[in-house]
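Examining the three-dimensional arrangement
This is what each chain is made of:
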Amino acid sequence: MLQTYQGVVENGVVVLPKQAKLNDGTSVLVVPQIEQENEWVTVKQAAKRFEAPATLIKQWIKSAKVRVHPENPDLVNADDLEDAIEQNELFNLTMQAIEREEDK
């Protein structure tokens, strides 16, 4: 069974919460977590980074799926963009499945 723990790096060592109990020799995968919640990017940067059309990102801004920085309207929230992209991909996959069912 896969278990996920979130820790922090202190002096170059990953420190896990006390409830994390791993046996010696357990293989682990450590992935740095980017704090996108506090990251702000331009629409152009977002389009390149997330490989999404700028027009789609602008639609998400208008529909309030993606927040605009309160002090700089040229910046959008990276975490919101990631969520919007995931939702869009799920929607597209659902629509494709429905179309395949209708074609049968």
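Please read these numbers as outputs of a predicted model, since none were measured by experiment.

So, helix H1 (residues 43-50)
Every buried residue of H1 is listed here: Val 43, Ala 46, Ala 47 and Phe 50. One side of H1 carries all its buried residues, which in axial view fall inside an arc of 100°. Of the residues in H1, the exposed ones pointing more than 90 degrees away from the buried face are Lys 44 and Lys 48. Phi for Glu 51, located one or two positions after H1, is positive at around 50°.

Re the nonpolar core
In terms of nonpolar packing, the biggest core is built from 15 residues, with Ala 46, Phe 50, Ile 57, Trp 60, Val 66, Val 76 and Leu 81 touching the most fellow members. At the level of secondary structure, the elements contributing two or more residues to this core comprise H1, helix H2 (54-62) and helix H3 (78-103).

Things to note about the confidence of the model for the chain
This prediction gives the chain a mean pLDDT of 86; 93% of its residues lie at or above 70. When pLDDT is averaged over each element of the chain, H2 comes out on top at 95 and strand E1 (residues 8-10) at the bottom at 82.

Details of the side chain of Asp 80
Along the chain, the position of Asp 80 falls in helix H3. Those residues in contact with Asp 80 that sit more than four places away from it in its chain are Lys 65, Val 66 and Arg 67.

Details of the environment of Arg 67
With respect to the helices, strands and loops of the structure, Arg 67 is situated in the loop between H2 and strand E4 (75-77). Accessibility expressed as a relative area gives 42% for Arg 67, which makes it partly exposed. Linking Arg 67 and Val 14, residues 53 residues apart in sequence, is a C-alpha distance of 32 Å.

The rules behind the values
- Residues numbered from 1 in each chain as written.
- Predicted model: local features only at pLDDT ≥ 70, side-chain atom pairs only at ≥ 80, totals over all residues.
- Heavy atoms only, no water.
- Buried < 20%, exposed > 50% of the residue type's maximum accessible area, 1.4 Å probe, protein only.
- Helix = DSSP H or I, 4+ residues; strand = E, 2+ residues; numbered from the N terminus.
- Arc of directions from axis to C-beta.
- Core = buried A, V, L, I, M, F, W, Y, C linked by side-chain atoms within 4.5 Å.
- pLDDT = per-residue confidence, 0-100.
- Contact = heavy atoms within 4.5 Å.

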